[in-house]
Amino acid sequence: MWKAFRASTLKPDHAPKAAILFDTCHILRHLGEALDTVRKREYARLSGEDRRFIKGHKDTLLSHRENLTLDGRRALNTWLAANKRLDTASLLKESFGQLWDYQREGWARRFFENWRASLKWQRLTPYEQFAKMIERHWDGIAAYCKPENKVALGFVEGLNNKIRVLQRRAYGLRDEEYLRLKILTCMLPEI
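Residues numbered from 1 in each chain as written. Predicted model: local features only at pLDDT ≥ 70, side-chain atom pairs only at ≥ 80, totals over all residues. Heavy atoms only, no water.

Helix and strand counts for the protein stand at 10 helices and zero strands. Counted from the first residue to the last, the protein has its helices and strands arranged as α-α-α-α-α-α-α-α-α-α. Here the C-alpha atoms of the protein give a radius of gyration of 21 Å, more than 25% beyond the 16 Å that 2.2 N^0.38 yields for 191 residues. Expressed along its principal axes, the backbone C-alpha trace of the protein runs to roughly 65 × 35 × 30 Å. Classification of the 191 residues of the protein by burial places 31% in the buried group. Long-range contacts, defined as pairs at least 24 residues apart, comprise 63% of the intrachain contacts of the protein with a sequence gap of at least 6. For the protein, the accessible surface area stands at approximately 13,100 Å², while carbon and sulfur atoms represent 54% of it. (Helix = DSSP H or I, 4+ residues; strand = E, 2+ residues; numbered from the N terminus. Rg over C-alpha atoms; globule rule 2.2 N^0.38 Å. Buried < 20%, exposed > 50% of the residue type's maximum accessible area, 1.4 Å probe, protein only. Contact = heavy atoms within 4.5 Å. Areas by Shrake-Rupley, 256 points an atom, 1.4 Å probe, with all protein chains shown as cover.)

Attention shifts here to the pattern of salt bridges. Working definition: two side chains of opposite charge can pair if their charged atoms are close together. Throughout the structure, instances matching the rule amount to 10 salt bridges. When the shortest N-O distance is used, the salt bridge between glutamate 113 and arginine 109 registers 2.9 Å. Placement of the pair is glutamate 113 and arginine 109 together in helix α6 (residues 105–117), with a separation of four residues, close to one helical turn. Taking relative accessible area as the criterion, glutamate 113 reaches 31% and is therefore assigned partly exposed. (Salt bridge = Lys/Arg side-chain N within 4 Å of Asp/Glu carboxyl O.)

Here the focus is the side chain of lysine 93. As for its position among the elements, lysine 93 is in helix α5 (residues 84–96). Dropping the residues within four chain positions of it, lysine 93 is found in contact with Leu31, Leu35, Leu61, Leu62, Ser63, His64 and Tyr127.

So, on to the packing of aromatic side chains. One pass over the full model with this rule turns up eight aromatic pairs. Arranged with centres 6.5 Å apart and planes meeting at 20 degrees, the rings of phenylalanine 112 and tryptophan 115 form a pair that is stacked. One end of the pair is phenylalanine 112 and the other is tryptophan 115, both in helix α6 and three residues apart, which spans about a single turn. Exposure class is identical for phenylalanine 112 and tryptophan 115. Each is buried. Pairwise contacts between aromatic rings join Phe96, Trp100, Phe112, Trp115, Tyr127, Phe130 and Trp138 into one cluster. (Phe/Tyr/Trp six-rings, centres within 6.5 Å; stacked < 30°, edge-to-face > 60°.)

Here you go:
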């Protein structure tokens, strides 16, 4: 999502047919940061005994519900029942994950517009800022809706890591074509 990366990729001689995709993990990380900001603001707003439902439960709150143990889910439900704003923020975070399931950009866009409309009276400023960020980067998110772009991003991260290792090993070489060939052949089986 970095502007320099995007500008470099869009240059005609770099990757003219490439679709820019934003990793779902990076997008959800920004949403998790928004939820954590809401948690911090709620802690600052409350006083006394009410703070005990917020302090020390950051990891449980930021986890996906399906990844929690039964005890973790019970504790999370107790904490969220005690604080309506955190409950709303948590539900919005969980529901946003549905965006990645759509196969067509129009459906994904409609979902996002409905999700954004649900923020209207919630007074969740970090979520509104997150929605603006999504709006600015919509083309990279919409590209993920196309079935041909639903790649295993773990593979992409692994390939990027291999390229970084090759670049480190090629330090001092001035032949870009040699580096390109090394990158293209790094996935071939050994002879």
